[in-house]
Amino acid sequence: DRGRRIGYEAIEKVRDRIEYHERLIAAYGVLHKFETSSNITSDGVNDENDGDGGGGGSDDNPWAAEAQSWLDTHEAVAGRGSLDADLPPGAMIAAAASGASAEEPMAFSRFVKCCEPKLVSIPGDDGATNDGGEDENNAHLRKKRAVYLCDSSRDRRSALVRLFRPLTADVFAFRVVGDIFGRLGVADDRGTMQRYFGEWFTSLPAGTASSLTISSRSFRPPLRWLREMVGVLIEDELSKTEESAEGGDANADGDFDPCDAEGLTYLRDLHIFVSDASDLPRAFLLASACREAVSSETSKREERTYGRVSQREAVEPWDCLLRKIRVCLLATLRLHGGPPLGQFPVTVSHVSSGRAFSVYEWVARDELSISHNHDEIVDLEDACRMCRQAFDPSSPAGDGAERVRTLGRVWRAASAAGRGGRAARFFMADNDQPGPLLLYLGGFNRPVKLAAHRALLLGGKWSEQPESIHILRDTVSALRALEADGGRYRSLAAAVRLELWQSCLRPVYRAVFFGFDDVPELREELVGPLCADPGWLHELSRVALEVLILITRTAQPSGSDGTERLMPDSAHSVGGAERGGVAATDAGDDVDLPWKNVWPSAKGDMLLENFESRARPVETTALEAHRAIVSASQLTEDFSSLAYCVPSFEDMFQRHSLFAPAAVPSSCTEYQVEFLRRAVVRKALLAVGPIVDRFVLESIENLGRSWGFDLAQLRARFLLAMYDVGKDDMITDDLLSMGPHQLDIPLFIDGGLEIVSARLHDAVSTLRGIKTHRGIVAVLDADTCKWVKEQAVISEKRKTEEGYDFDEGFEPSPLTSTHALTLRILRMCSAIDDTEGSEKAHALSIMCGSLIAALEENPLSASEL
């Protein structure tokens with residue numbers, strides 16, 4: 001028995017091999033005969049009156065006209081010849097005349113290389129038996145050996161160009177394709193034949209594909225081939241329905257269902273192929289041809305079958321697919337020339353999945369192409385929401401010829417819109433001017449989600465152009481908008497703000513403080529020169545502090561220790577409510593009700609949900625430490641001093657720094673106090689007029705607050721520093737009128753008396769050097785003069801320690817300003833009942849008044865003073 005079985009197996013292998021070669025030879029013979037025939041002309045028959053394939057071109061088929069429109073639009077956007085730039089090798093021969101003069105016939109060795117044998121299961125004929133031992137569910141299938149094309153897409157496509165080439169010839173060569181695949185044993189495999197046809201069709205030059213399917217003056221063999229395929233599929237379905245009814249199937253009532261189990265009608269495999277096609281203009285052209293073939297064939301069968309075959313139901317899935325491709329074409333052509341729209345090619349299936357692209361990001365890109373200004377974009381969104389020109393291209397409302405022409409002009413409007421102008425003028429100027437994507441994708445008019453994407457896109461753009469701080473300011477404007485709608489998107493706001501910090505700002509500060517060695521995200525040649533620019537760093541720090549403050553706002557209590565951490569909150573996330581069965585929407589969603597059932601779905605957002613899922617708890621101690629360092633960087637050019645002020649300074653601005661607790665001293669350390677004192681002096685020296693107010697103190701107060709320094713004392717020290725450098729006139733009454741909780745009045749009184757004393761001592765020393773005015777000094781109170789001299793020595797020592805650096809051209813303050821300061825100190829002493837301070841201030845006031853009165857008698861001496 002074993003020897004007999006081995007013999008049978010050997011014979012079976014030989015038989016299979018012989019059958020394989022016979023099929024190859026037979027199929028190649030048909031192909032070779034066609035390629036060497038001299039009487040075959042290319043598309044040379046005008047067969048308008050043929051009811052099976054001619055006529056019905058773009059004149060009476062709106063889908064064909066729209067297909068041609070998209071082909072033309074793509075050429076206008078991407079450049080002439082762009083549609084044929086990526087055709088496979090040998091594809092252009094499809095446009096040439098059939099015959100030996102066009103190209104040498106395909107060699108048999110090359111034909112064999114493109115083929116491979118397979119054992120497949122196909123529907124069995126009447127009376128066929130299943131000898132394979134399959135279960136009852138597969139009893140209607142039989143095994144058959146056939147020759148299929150190889151898995152290599154390059155070789156397979158080059159072969160398909162040859163095998164389907166008869167469809168580019170005249171009516172006499174039309175059936176050669178079926179003959180070739182019939183001899184290969186593949187013709188009965190409807191799905192494979194549809195996929196082969198799709199691959200061949202999308203390999204054709206655009207002009208050839210258009211003339212073969214749209215032109216009303218050609219025989220249009222591809223349409224004939226598709227119609228015959230639809231006819232066969234209808235017969236198969238009718239036969240199955242009749243067999244089920246005759247067999248007593250309880251679920252069969254004799255009615256014919258034109259759709260298969262997955263809701264797709266005839267040419268299902270081509271429907272899937274088109275949905276997966278990334279060449280959108282050709283995909284639309286192929287879908288329009290399939291739709292025409294299905295419509296034509298089912299229209300004839302509908303009357304014959306007394307309505308069991310419905311033309312309307314049969315073409316509906318193809319209508320839906322064509323509208324989806326229209327949306328994809330609209331978006332890709334509108335955004336052409338920019339960065340890739342995603343990691344995957346834009347196809348209907350990818351967009352439908354919701355996991356490959358974010359349509360919200362597409363709309364946000366389009367908004368930014370119009371303007372970066374957040375207020376203008378808000379106006380744009382409001383205008384689009386109320387505009388009567390809006391329509392949905394994925395619905396029948398977008399099928400009209402005028403609507404198609406409007407969509408075809410959208411790309412031109414994008415190129416003409418410019419940047420930074422008023423967004424509303426862009427599409428509201430006249431009725432013929434097409435609008436932005438938001439006008440046609442109204443379901444995505446969700447301000448918070450769009451603002452989140454704009455922030456991410458602007459942040460990425462700033463990383464490429466770090467010198468443009470205005471882009472970063474626009475980014476922060478978008479980040480602020482995430483707090484709209486009552487905090488519904490708190491988790492989203494937290495995740496996006498954190499992402500901007502981690503990817504854009506954090507690496508820059510790491511490079512500023514520690515160099516570029518551990519910051520691979522940055523290009524040193526681009527960012528290095530900017531890091532040496534104090535003005536750029538100052539502006540960057542202002543924006544960075546605002547981002548850190550925004551991150552702080554989204555922190556919420558978490559954990560038993562009561563500490564605040566930024567936590568993803570599914571109830572307030574962009575996808576949390578939607579995953580629970582209720583679509584999370586922005587304010588104004590009642591206006592968007594007509595857009596609820598459009599394609600693509602506006603529910604959920606792949607990119608934003610990914611950001612939310614990756615968000616980690618942020619430790620507030622680490623957040624405060626980073627805020628303190630950024631604030632301190634605004635107040636000094638010597639960053640090495642920060643290492644003494646901040647514990648674990650070397651660990652700051654790394655990827656993990658915000659997520660681990662930072663060491664925080666219980667009180668302001670000696671180094672921090674010294675840093676603040678010098679920062680106050682530097683701030684006073686750099687202050688420019690005409691006045692200074694509380695906003696000037698913002699950076700110092702932020703740092704003092706982070707380090708636990710008394711802000712009232714800090715403000716008093718700043719005011720004293722301003723008087724020290726002689727900028728009395730720049731100090732406003734608002735600053736001097738602050739209450740005891742806002743200003744350390746005792747400290748200001750003590751420091752003010754010291755400053756007045758130093759000024760009076762300088763005046764007295766000057767008068768003693770003028771021979772004619774020495775008598776003035778003699779009438780002054782001796783005890784007061786002695787105390788003034790002691791205070792002047794103390795003041796000089798203090799200024800040296802605190803880093804005062806006066807220019808040679810520094811002019812001392814006039815005595816009138818000094819007298820005004822003395823009177824201010826007197827009023828403060830009275831307000832807090834400081835008797836000792838009041839007595840000293842009174843004595844200094846008398847001394848200052850005496851000097852002013854004496855000098856008024858001699859203007860020359862006053863000018864010398």
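Residues numbered from 1 in each chain as written. Predicted model: local features only at pLDDT ≥ 70, side-chain atom pairs only at ≥ 80, totals over all residues. Heavy atoms only, no water.

Draft legend 1. Main features of the overall build of the protein chain. Looking only at helices and strands, the protein chain features 36 helices and 4 strands. Within the protein chain, the proportion of its 865 residues that are buried is 51%. Summed over all atoms, the accessible surface of the protein chain reaches about 40300 Å², with 50% contributed by carbon and sulfur. (Helix = DSSP H or I, 4+ residues; strand = E, 2+ residues; numbered from the N terminus. Buried < 20%, exposed > 50% of the residue type's maximum accessible area, 1.4 Å probe, protein only. Areas by Shrake-Rupley, 256 points an atom, 1.4 Å probe, with all protein chains shown as cover.)

Draft legend 2. Looking closely at the packing of helix α28 (residues 698–707) against helix α29 (residues 711–724). Put simply, α28 and α29 touch, their axes get as near as 10 Å, and they point 145° apart. α28 and α29 meet at a crossing whose hand is right-handed. Of the residues in α29, those touching α28 at Ile700, Glu701, Gly704 and Arg705 are Leu711, Leu714, Arg715 and Phe718. Of the residues that constitute the contact of α28 with α29, the class distribution is 4 nonpolar, 1 polar and 3 charged. (Axes fitted to C-alpha atoms, helices over the stretch in contact; angles between N-to-C directions. Left-handed = near helix turned anticlockwise from the far one by under 90°. Contact = heavy atoms within 4.5 Å. Nonpolar A, V, L, I, M, F, W, Y, C, P; charged D, E, K, R; others polar.)

Draft legend 3. Spotlight on the side chain of arginine 798. If you trace the backbone, arginine 798 turns up in helix α33 (residues 782–802). Those residues in contact with arginine 798 that sit more than four places away from it in its chain are Asp724, Glu754, Ile755 and Tyr804.

Draft legend 4. Just the packing of aromatic side chains, in detail. Under the criterion given, the structure shown has 27 aromatic pairs. Ring centres of phenylalanine 164 and phenylalanine 181 lie 5.3 Å apart, and the angle between their planes is 40°; this geometry places the pair in the tilted category. Of the two residues, phenylalanine 164 is situated in the loop between α4 (153–163) and α5 (176–184) and phenylalanine 181 in helix α5; the sequence distance between them amounts to 17 residues. Phenylalanine 181 carries the same exposure label as phenylalanine 164, and that label is buried. Geometrically, the ring pair formed by phenylalanine 164 and phenylalanine 197 is edge-to-face, given 6.0 Å between the ring centres and 75° between the ring planes. Here the residue phenylalanine 164 occupies a position in the loop between α4 and α5, and phenylalanine 197 occupies one in helix α6 (residues 190–202), the gap between them amounting to 33 residues. Of the two residues, phenylalanine 164 and phenylalanine 197, both sit in the buried class. These aromatic residues form a ring-pair network of at least three members: Phe164, Phe181, Tyr196, Phe197, Trp200, Phe201 and Trp225. One cation-aromatic arrangement involves lysine 118 over tyrosine 148; the distance from NZ or CZ to the ring centre is 5.6 Å. If you follow arginine 510 out to its NZ or CZ, it ends over the ring of phenylalanine 514, 4.2 Å from the centre. (Phe/Tyr/Trp six-rings, centres within 6.5 Å; stacked < 30°, edge-to-face > 60°. Lys NZ or Arg CZ within 6 Å of the ring centre and 35° of its normal.)

Draft legend 5. Here's a closer look at helix α22 (residues 534–553). Across its 20 residues, α22 extends 29 Å between first and last C-alpha, which sits within 8% of the 28 Å expected from 1.5 Å per residue. Elements that come into contact with the buried residues of α22 comprise α18 (447–464), α19 (469–480), α20 (490–514), α21 (524–531), α25 (620–633) and α28. With a side-chain oxygen positioned 3.1 Å from the backbone nitrogen of glycine 535, the residue opening α22 is aspartate 533. (Expected span 1.5 Å × (residues − 1). Polar contact = N/O pair within 3.5 Å; in protein donor to acceptor, adjacent residues only side chain to side chain.)

Draft legend 6. Inspection of the confidence of the model for the protein chain at higher detail. In this model, the protein chain carries an average pLDDT of 81, and 79% of its residues clear a pLDDT of 70 or more. In this model, residues 124–140 is a region of pLDDT below 50 whose contacts with residues beyond four sequence positions or in other chains number 11 contacts. (pLDDT = per-residue confidence, 0-100.)

Draft legend 7. Structural view of the pattern of salt bridges. Applying the stated criterion across every chain, the model contains 54 salt bridges. One salt bridge connects arginine 655 with glutamate 521, and the closest N-O pair in it is separated by 3.3 Å. Remark: glutamate 521 occurs in the loop between α20 and α21 and arginine 655 occurs in the loop between α26 (642–645) and α27 (670–686); sequence separation between them is 134 residues. Taking relative accessible area as the criterion, arginine 655 reaches 51% and is therefore assigned exposed. Judged by its relative accessible area of 33%, glutamate 521 is partly exposed. Taken together, the salt bridges that share partners define one network made up of Glu12, Arg15, Asp16, Glu19, Arg23 and Arg145. (Salt bridge = Lys/Arg side-chain N within 4 Å of Asp/Glu carboxyl O.)

Draft legend 8. Expanded view of unusual backbone geometry. Of the consecutive residues tryptophan 599 and proline 600, the connecting peptide bond is found in the cis state with omega at -5°. Even without being glycine, phenylalanine 653 reaches a positive phi, approximately 65°. Here phenylalanine 653 shows up in the loop between α26 and α27. Here phenylalanine 653 falls in the buried class, since its relative accessible area comes to 0%.

Draft legend 9. How the structure looks around α18. Between its terminal C-alpha atoms α18 stretches 26 Å, which fits the 26 Å expected from 18 residues at 1.5 Å a residue. Taken together, the buried positions of α18 are occupied by Val448, Lys449, Leu450, Ala451, Ala452, His453, Arg454, Ala455, Leu456, Leu458, Gly459 and Trp462.

Draft legend 10. Expanded view of the packing of α25 against α28. One can describe the packing of α25 onto α28 by two numbers: an axis separation of 9 Å at closest approach and a directional angle of 145°. Where α25 crosses over α28, the handedness of that crossing is left-handed. On α28, the residues touching Glu624, Arg627, Ala628, Ser631 and Ala632 of α25 are Ser699, Asn702, Leu703, Ser706 and Trp707. Considering only residue class, the contact of α25 with α28 consists of 4 nonpolar, 4 polar and 2 charged.

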